[in-house]
Amino acid sequence: HGSEHSFPTRRSSDLFPSHDTNSLISRVKWLPTVGENLAHAGMGLLGEVYELEIYDGIKNYLEELGDVEFYLGHYKQSLGAYYTGEDFVPREEARAIEANPLNALKLHAATLHDFAKKIWIYQKPILGLPLTAHIIRTELCLHFLAENVKKTRQEVQQINQEKLTKRYPNGYSDKDAQER
């Protein structure tokens, strides 16, 4: 249904007209539609969650956790105004996430990936999907995973930003990505 709330008809250039080289936006390969960008972010999110699960040492753990943060940021930016950031996690659910944040992260990342598929492939309208609820819970997982190694999410994000700035000093390019 081709309403204004159907993601495949919204162009990412409408949401993100400028590409500041110091932001996450410039480190992402933006695709023509929001649905495609959500699919890209959802695939990246799932892949990085798997890599986080098999990390080798604290440096690699922080790198993979940063990559998960990166793709979650991409997902949120792809949603644009549809992402409100407003939700409530009941105390018992928050405790369950804290007890096993990696398992909870796998669940919520897989759900976000599935929503991206529904939006992009099936052209399901965004309204009615509980995206914000799963994003907030994913963020809570990332909080506990960072806390497990005495870091904040902001510190993890900064480590990732520094890595990507070295890799893509002038912003993302296919050439740089293929040569790394």
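Residues numbered from 1 in each chain as written. Predicted model: local features only at pLDDT ≥ 70, side-chain atom pairs only at ≥ 80, totals over all residues. Heavy atoms only, no water.

(A) Spotlight on the overall build of the protein. Scanning the protein from N- to C-terminus turns up eight helices and zero strands. Counted from the first residue to the last, the protein has its helices and strands arranged as α-α-α-α-α-α-α-α. Per-residue burial for the protein yields a buried fraction of 46% across its 180 residues. Nonlocal contacts in the protein, meaning residues at least 24 apart in sequence, comprise 75% of its contacts between residues at least 6 apart. Approximately 9600 Å² of the protein is accessible, and the part contributed by carbon and sulfur atoms is 51%. (Helix = DSSP H or I, 4+ residues; strand = E, 2+ residues; numbered from the N terminus. Buried < 20%, exposed > 50% of the residue type's maximum accessible area, 1.4 Å probe, protein only. Contact = heavy atoms within 4.5 Å. Areas by Shrake-Rupley, 256 points an atom, 1.4 Å probe, with all protein chains shown as cover.)

(B) Molecular detail of the pattern of salt bridges. Scanning the model with the defined rule gives eleven salt bridges in all. K76 is paired through a salt bridge with E139; the nearest N and O atoms lie 2.5 Å apart. Residue K76 is found in helix α3 (residues 58-79), and its partner E139 is found in helix α6 (residues 131-147); the two are separated by 63 residues along the sequence. Residue E93 pairs with R137 through a salt bridge whose shortest N-O separation is 2.6 Å. Placement of the pair is E93 in helix α4 (residues 91-99) and R137 in helix α6, with a sequence separation of 44 residues. Judged by relative accessible area, which is 28%, E93 ranks as partly exposed. Owing to a relative accessible area of 10%, R137 belongs among the buried residues under this scheme. Connected through salt bridges with shared partners, the residues E69, K76, E139 and R153 form a single ionic network. (Salt bridge = Lys/Arg side-chain N within 4 Å of Asp/Glu carboxyl O.)

(C) Inspection of the packing of α3 against α6 at higher detail. One can describe the packing of α3 onto α6 by two numbers: an axis separation of 11 Å at closest approach and a directional angle of 160°. Comparing the axis directions of α3 and α6 gives the class roughly antiparallel. For α3 against α6, the interelement crossing comes out left-handed. Here Y61, L65, V68, E69, L72, Y75, K76 and L79 of α3 lie close against α6, whose contacting residues are L131, I135, T138, E139, L142, L145 and A146. Taken together, the residues that form the contact of α3 with α6 break down as eleven nonpolar, one polar and three charged. (Axes fitted to C-alpha atoms, helices over the stretch in contact; angles between N-to-C directions. Parallel < 35°, antiparallel > 145°, perpendicular 65-115°, else oblique. Left-handed = near helix turned anticlockwise from the far one by under 90°. Nonpolar A, V, L, I, M, F, W, Y, C, P; charged D, E, K, R; others polar.)

(D) Spotlight on α3. Taking 1.5 Å of rise per residue, the 22 residues of α3 would be expected to cover 32 Å, and the 32 Å separating its terminal C-alpha atoms lies within 8% of that figure. Counting buried positions over the 22 residues of α3 gives 16, a clear majority of the element. Count one or two residues on from α3 and you reach G80, which has phi positive near 55°. (Expected span 1.5 Å × (residues − 1).)

(E) Quick peek at the packing of aromatic side chains. Scanning the model with the defined rule gives three aromatic pairs in all. Considering the side-chain rings of Y55 and Y61, the 4.8 Å spacing of their centres and the 75° angle between planes classify their relative orientation as edge-to-face. Both rings, one in F70 and one in Y71, keep their centres 5.0 Å apart while their planes meet at 85°; by these two values the pair is edge-to-face. (Phe/Tyr/Trp six-rings, centres within 6.5 Å; stacked < 30°, edge-to-face > 60°.)

(F) How the structure looks around the side chain of E48. Relative to the helices and strands, E48 resides in helix α2 (residues 34-53). Although E48 is buried, it makes no salt bridge; K163 carries the closest opposite charge, 6.5 Å away. The residues contacting E48, other than those within four sequence positions of it, are E64, D67, V68 and Y71. (Lys, Arg positive; Asp, Glu negative; His and termini not counted.)

(G) Main features of α6. The terminal C-alpha atoms of α6, which comprises 17 residues, lie 24 Å apart, in line with the 24 Å expected from a rise of 1.5 Å per residue. Most of α6 sits out of view: 15 of its 17 residues are buried.

(H) Looking closely at a nonpolar patch on the surface. Where nonpolar side chains cluster on the molecular surface, the patch consists of W120, I121 and Y122 and spans about 330 Å² of accessible area. Note that Y122 resides in the loop between α5 (101-120) and α6. (Patch = residues over 30% accessible without salt bridge, like charges linked within 9 Å, V, L, I, M, F, W, Y side chains within 5 Å.)

(I) Looking closely at the nonpolar core. By size, the foremost hydrophobic cluster in this structure holds 44 residues, and its most contacted members are L65, Y75, L79, L105, L112 and L131. Those elements that provide at least two residues to this core are α2, α3, α4, α5, α6 and α7 (153-167). Look past the residues within four positions of L105 in its chain and what remains in contact with it is V49, L52, V68, T138, C141, L142 and L145. (Core = buried A, V, L, I, M, F, W, Y, C linked by side-chain atoms within 4.5 Å.)

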